[in-house]
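# Per-entry structural report
Each chain is listed here by its residues.
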Amino acid sequence: MVEWCLPQDIDLEGVEFKSMASGSHKIQSDFIHQLETPGHYSHLAAFYEDKKGVLHAGPGRGGSLPPVYWLPSIHRYMYPEMKITHPAGCMSQFIKFFGEQILILWKFALLRKRILIFSPPPVGVVCYRVYCCCCLANVSLPGIGGAIPESKPFFYVNVADIESLEVEVSYVACTTEKIFEEKRELYDVYVDNQNVKTHHGHLQPLLRINSADREKYRRLNEQRQMLLYSQELEDDYTPCEEDLFVLFFLEQNNRIFQTLLEVSASQDKTLTAEHARGMGLDPQGDRSFLMDLLEAYGIDVMLVIDNPCCP
């Protein structure tokens, strides 16, 4: 039953398919993030502020919900519709779940690929993985991303969304519908629990973890440990783990694009192995990723890193 909606004449046909994830009859509780018009939540926020004193929280929910934190220092780099939709700790769970493979997801997210995450119910935690994936590709440099579509966080999708997904060129979404795996025209990257795969031959090299990826993962965990230590000391201001996670990849992305822009503005426009290492990339292992990145963002440089597979 729909208790309230705005605008009142909105078409809600098929909403029951979006509200009940496939297989949800097998579990006791779940929640679903849906995103039809990203960013337009002012009316909902106003409604909540007006009614939160009288809205019934439901049995057993009272103060048992996980805390939700604002991220004041980095929220300008995040999707506006997601500032308050994730719980504390979801980044930590994301890192623990995927391990070093978050660097694989990072590359696909930065390339604005269509990423579909499959998982059986409950789907709520998988919606958080969609959110975390989107946070991997933030760039704050001016002039970057204008020629490439922004990756849309669709959160939960099902068979009722197939027509919508057919026209999307960049998104991150999750589903409980196994049939999606067979519909390869709808996605570039398919994530089945911790198994990240792609059916595109030219993207296969991006599935391999290289030495630079391991180094980035080591640095990320090192910074997380330092954060935990500082929290134990109870400093006056200690950034939360979400801040650290988003800023880690934001700085990594900015360093890559800053170097690429500087090389493209140089006289010879030559990108060397030394440049790759300076960007925190593996000159050989990330060669394919770099080529895809240059093409996707329309950056005019000449890659002169030798391919060891070719004489």
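All figures in this text were calculated on a predicted structure; none of them were measured in a lab.

All right, on to the packing of helix H3 (residues 90-98) against helix H5 (residues 124-134) then. Where H3 contacts H5, the axes come no closer than 10 Å and their chain directions differ by 90°. Comparing their axes, H5 and H3 come out roughly perpendicular. Contact residues: H3 offers Cys90, Met91, Gln93, Phe94, Phe97 and Phe98, while H5 offers Val125, Tyr128, Arg129, Tyr131, Cys132 and Cys133.

Taking 1.5 Å as the rise per residue, helix H8 (residues 241-264) with 24 residues should run 34 Å; its terminal C-alpha atoms sit 35 Å apart, in good agreement. Most of H8 sits out of view: 18 of its 24 residues are buried.

Quick look at unusual backbone geometry now. Of note, the amide linkage connecting Pro121 to Pro122 takes the cis form, showing an omega dihedral of 5°. Turning to its location among the elements, Pro122 is positioned in the loop between strand S1 (115-118) and H5. Despite not being glycine, Asn193 shows a phi value in the positive range, around 55°. Positionally, Asn193 belongs in the loop between strand S4 (189-192) and strand S5 (195-198). Positive phi, close to 55°, is recorded for Lys269, a residue that is not glycine. Mapped onto the secondary structure, Lys269 falls in the loop between H8 and strand S6 (270-271). Residue classification places Lys269 among the partly exposed residues on the basis of a relative accessible area of 28%.

So, about the packing of aromatic side chains. This structure, assessed with the given rule, holds 11 aromatic pairs. A centroid spacing of 6.5 Å and a plane angle of 15° characterise the contact between Phe118 and Tyr190, whose relative ring orientation is stacked. Of this pair, Phe118 sits in strand S1 while Tyr190 sits in strand S4, and the two are 72 residues apart along the sequence. Judged on exposure class, the residue Phe118 and its partner Tyr190 are both buried. An aromatic cluster of three or more residues is present, and its members are Phe94, Phe97, Phe98, Trp106, Phe245, Phe248, Phe249 and Phe289.

If you trace the backbone, Leu303 turns up in strand S7 (residues 302-303). Overall, the relative accessible area of 18% leaves Leu303 in the buried class. The sequence separation of Leu303 and Thr270 amounts to 33 residues, and the corresponding C-alpha distance is 6.2 Å. Setting aside anything within four residues of it in sequence, one finds Leu303 in contact with Leu271, Arg287, Leu290 and Met291.

Right, let's talk about the pattern of salt bridges for a bit. Taken as a whole and judged by the stated rule, the model has 12 salt bridges. The salt bridge involving Lys107 is made with Asp213; its shortest N-O contact spans 3.0 Å. Here Asp213 lies in helix H7 (residues 211-232) and Lys107 lies in helix H4 (residues 102-110), a separation of 106 residues in the sequence. Each member of the pair, Lys107 as well as Asp213, is classed as buried. Three or more residues are tied together by salt bridges with common partners; here these are Lys107, Asp213, Lys216 and Asp286.

An order of S2-S3-S1-S4-S5 is seen for the five strands of this open sheet, with the pairing classed as mixed. Strand pairing shows two members of the sheet lacking a second neighbour, strand S2 (152-156) and S5, which therefore form its edges. When strand polarity is set aside, the average angle formed by the axes of neighbouring strands in this sheet is 15°. By the bridge criterion, four bridges tie S4 to S5 in an arrangement that is antiparallel. Looking at the pairing, Asp192 lines up with Asn195 of S5. Packing of H4 onto the sheet brings it into contact with S1, S4 and S5, and relative to S5 it is tilted by some 40°. Its contacts with the sheet put H5 on S1, S2 and strand S3 (171-175), and the angle it makes with S3 is roughly 165°.

Below, the discussion takes up the confidence of the model for the chain. Summary statistics for the chain give a mean pLDDT of 80 and a share of 73% for residues scoring 70 or more. Ignoring residues within four places in sequence, the model shows residues 54-84, a span with pLDDT below 50, making 43 contacts including any to other chains.

The next subject is the pairing of S3. Where burial is concerned, most of S3 is hidden: five out of the five residues are buried. In the sheet, S1 pairs with S3 via four bridges, with the strands oriented parallel. Within S3, the position partnered with Phe118 by the bridge is Thr175. Note: S2 against S3, four bridges, orientation parallel. Residue Pro153 lies in a different strand from S3, and its bridge partner there is Val172.

About the criteria used
Residues numbered from 1 in each chain as written. Predicted model: local features only at pLDDT ≥ 70, side-chain atom pairs only at ≥ 80, totals over all residues. Heavy atoms only, no water. Axes fitted to C-alpha atoms, helices over the stretch in contact; angles between N-to-C directions. Helix = DSSP H or I, 4+ residues; strand = E, 2+ residues; numbered from the N terminus. Parallel < 35°, antiparallel > 145°, perpendicular 65-115°, else oblique. Contact = heavy atoms within 4.5 Å. Expected span 1.5 Å × (residues − 1). Buried < 20%, exposed > 50% of the residue type's maximum accessible area, 1.4 Å probe, protein only. Phe/Tyr/Trp six-rings, centres within 6.5 Å; stacked < 30°, edge-to-face > 60°. Salt bridge = Lys/Arg side-chain N within 4 Å of Asp/Glu carboxyl O. Pairing = 2+ DSSP bridges. pLDDT = per-residue confidence, 0-100.

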